[in-house]
Amino acid sequence: MACTITHIVLAVQLCVLAVGARTNLDKQSSDFNLSKILPLVDEDGICNLVVEKQGYVCQEHKDAVSWMINSPDESLAFILADNGFDVWLANTRGTNYSRGHTSVDPNDPSYWDWSWDELVAYDLPATVQYVHDQTGQKLHYVGHSLGTLIAFAAFSQEKLLNSIRSAALLSPIAYLAQMSSFLAKTAADAFIAEFLIIFQDLYWLGIKEFAPRGEAAVKLLEDICKNPENNCSDLMTSFTGPNCCVNSSKTNDFLDHEPQSTATKNMIHLAQMIRQGTIAMYDYGSADENNKHYGQPTPPVYNMSSIPKNLPLFLSYGGQDYLSDVDDVKTLLNALKDHDADKLLTQYREDYAHADFVFGENAKQVVYDPLMAFFKLQ
């Protein structure tokens, strides 16, 4: 049965697809196994391989998958579509599904000359504008992890405001100084300290892609795992926290598609945030270099208190999240303390870790239903 489209949603994860309402609702969740039908990269596209097989109307602009790894009754993209939302999913630069640059090839070093600053300055505004132009409506935004970071930074510069109705930010990341993942902190230290020289050498030699399954990443992980405090037998838990509600059978589906490539420069930028405890633009390492790029000796700061106070925000965070640590979220909420009280809704789940917000079997009941209720009030 077709639903009337009343709201437009753009969902962005770490890491553009339009999904319409489901037309055939008699599919059984137990029949849905993504790993059987979706390879890492497939030219047929996700509309054909995943969405249409579940009985949904789908238009393919560029592929995306993370919001659809669970069954349709547990995946946010399908749940939103079933509730009358027109759903658009976006990829970030560097992923397998986002390499359609019109003039630069991924083998060209300049293709990888970016950090999340460029996602804030160019990619996110272009994506929002594209969806706005296609639909003629303001959007609700859903971000998870890196998807929240680029949204916070953009909002702090008063970007996107003419096209956004509200934003739901799951596992919100703005500050990373209190991150409790020892493995992630060790990785950050490696990038900033002894490995930084190696990676910078590779960077300037033109190897600017950081591929999680590539030689440089494997070498980094091998050295990190030499530290007995790092539990490398369960990397997902060590990085994201003890997820309460992720079906273990879906872990392989997730690992078939994540993590994907990014720019080495982006990894260094995130490491700077962890080490320095700030949310600022990329630090080029010296006053002279920063002056060349910014006209000042230190990188400009993204000021969270500059986010417009009347922008409707839904923030949901978890007590077991090793990446979006509770204390870092409290630092963010303190920066938003003057936000209009009726425009800021926060939700805390003591049992949730980082991946639960996207892959949790009960996420619909505990996160997505309140999220949709919030959207419908805006």
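Here is what the cut-offs are and how they apply
- Residues numbered from 1 in each chain as written.
- Predicted model: local features only at pLDDT ≥ 70, side-chain atom pairs only at ≥ 80, totals over all residues.
- Heavy atoms only, no water.
- pLDDT = per-residue confidence, 0-100.
- Contact = heavy atoms within 4.5 Å.
- Axes fitted to C-alpha atoms, helices over the stretch in contact; angles between N-to-C directions.
- Helix = DSSP H or I, 4+ residues; strand = E, 2+ residues; numbered from the N terminus.
- Parallel < 35°, antiparallel > 145°, perpendicular 65-115°, else oblique.
- Left-handed = near helix turned anticlockwise from the far one by under 90°.
- Phe/Tyr/Trp six-rings, centres within 6.5 Å; stacked < 30°, edge-to-face > 60°.
- Buried < 20%, exposed > 50% of the residue type's maximum accessible area, 1.4 Å probe, protein only.
- Disulfide = S-S within 2.5 Å.
- Salt bridge = Lys/Arg side-chain N within 4 Å of Asp/Glu carboxyl O.
- Pairing = 2+ DSSP bridges.
- Core = buried A, V, L, I, M, F, W, Y, C linked by side-chain atoms within 4.5 Å.

Undergrad: Teacher, can you tell me more about the confidence of the model for the protein here?
TA: Reading fine detail from the predicted coordinates is not recommended where pLDDT is low. On average, residues of the protein score 80 in pLDDT, and 74% of them reach the 70 mark or higher. This model gives residues 203-207 a pLDDT under 50, and the stretch forms eight contacts once residues within four places in sequence are excluded.

Undergrad: What am I meant to see in the packing of helix H4 (residues 116-135) against helix H5 (residues 146-156) here?
TA: Two quantities define a packed helix pair, namely the angle between the helix axes and the distance between the axes. Between H4 and H5, whose axes approach to 9 Å, the crossing angle comes to 70 degrees. If you check the angle between H4 and H5, you find them roughly perpendicular. Between H4 and H5 the crossing geometry is right-handed. Contacts between H4 and H5 involve Trp116, Leu119, Val120 and Leu124 on the former and, on the latter, Leu146, Leu149, Ile150, Ala151, Ala153 and Ala154.

Undergrad: Looking at this model, I keep getting lost on the packing of aromatic side chains. Mind explaining?
TA: The geometry of an aromatic ring pair is captured by the separation of the ring centres together with the interplanar angle, meaning the angle of the planes. Following the criterion strictly, the structure yields ten aromatic pairs and no others. Centre to centre, the rings of Tyr111 and Trp112 are 5.0 Å apart; their planes meet at 70 degrees, and the pair counts as edge-to-face. By relative accessible area, which is 2% here, Trp112 ends up buried. Here the aromatic rings of Tyr282 and Tyr284 are separated by 4.8 Å at their centres, their planes lie at 75 degrees, and the arrangement is edge-to-face. Among the residues examined, Tyr284 registers a relative accessible area of 26% and is labelled partly exposed. Aromatic rings pair up to connect Phe85, Phe314, Phe374 and Phe375 into one cluster.

Undergrad: Looking at this model, I keep getting lost on the state of the cysteines. Mind explaining?
TA: Note on terminology: disulfide describes a covalent bond linking the sulfur atoms of two cysteines. Within the structure shown, the criterion is met by two disulfides. Here Cys225 connects covalently by a disulfide to Cys232, the sulfurs 1.9 Å from one another. Taking the torsion about the sulfur-sulfur bond, which here is approximately -100 degrees, the covalent link between Cys225 and Cys232 counts as left-handed. What pairs with Cys244 in a disulfide is Cys245, and their sulfur atoms sit 2.4 Å apart. Note on the Cys244 and Cys245 pair: the S-S dihedral is about -90 degrees, so by sign convention the disulfide is left-handed. Assessed through its relative accessible area of 37%, Cys244 is described here as partly exposed. Here Cys245 falls in the buried class, since its relative accessible area comes to 15%.

Undergrad: Looking at this structure, how should I read the environment of Cys244?
TA: Among the structural elements, Cys244 can be located in the loop between helix H9 (235-240) and helix H10 (251-257). Once the C-alpha coordinates of Cys244 and Asn362 are considered, the two residues, 118 residues apart in sequence, prove to be 9.8 Å apart.

Undergrad: Just to check I follow, could you spell out the pattern of salt bridges for this structure?
TA: When charged atoms on two side chains of opposite charge get close, those side chains can pair. Inspection of every chain in the model, using the stated rule, returns four salt bridges. Between Arg349 and Asp351 there is a salt bridge whose closest N-O contact spans 3.3 Å. With a relative accessible area of 30%, Asp351 lands in the partly exposed category.

Undergrad: Looking at this structure, I do not really get the pairing of strand E6 (residues 164-170). What am I missing?
TA: Two faces belong to every sheet, and in a regular strand the side chains alternate between them. Counting buried residues along E6, six of its seven residues qualify, which places the element largely inside the surrounding structure. As paired elements, E6 and strand E9 (residues 313-318) share four bridges and run parallel to each other. Considered in E9, the bridge of Ala168 is made with Phe314.

Undergrad: Is there a simple way to explain unusual backbone geometry in this structure?
TA: Glycine aside, residues mostly have negative phi angles, and peptide bonds mostly take the trans form. Residue Leu160 is not a glycine yet carries a positive backbone phi of 75 degrees. Along the polypeptide, Leu160 turns up in the loop between H5 and E6. Positive phi, close to 50 degrees, is recorded for Ser171, a residue that is not glycine. In this structure, Ser171 sits in the loop between E6 and helix H6 (182-192). Judged by its relative accessible area of 0%, Ser171 falls in the buried class.

Undergrad: Please explain the environment of Thr237 as it appears in this structure.
TA: Tracing the sequence through the fold places Thr237 in helix H9. Judged by its relative accessible area of 27%, Thr237 is partly exposed. Taking C-alpha positions, Thr237 is 9.2 Å from Ala355, a pair spaced 118 residues apart along the chain. Once you skip the residues sitting within four places of it in the chain, Thr237 turns out to touch Pro242 and Tyr322.

Undergrad: What should I look at first to understand the nonpolar core in this one?
TA: Burial of nonpolar side chains together is a common tendency in soluble globular proteins. In this structure, Trp116, Tyr141, Phe155, Met304 and Leu313 are the most contacted members of the largest nonpolar core, which totals 52 residues. Residues in contact with Trp116, not counting those within four places in the same chain, are Leu146, Leu149, Ile150, Ala153, Asn266, His269, Leu270, Met273, Ile279, Ala280 and Tyr302. Ile69, Ile79, Leu80 and Val367 belong to the second-largest nonpolar core, a separate cluster that totals 34 residues.

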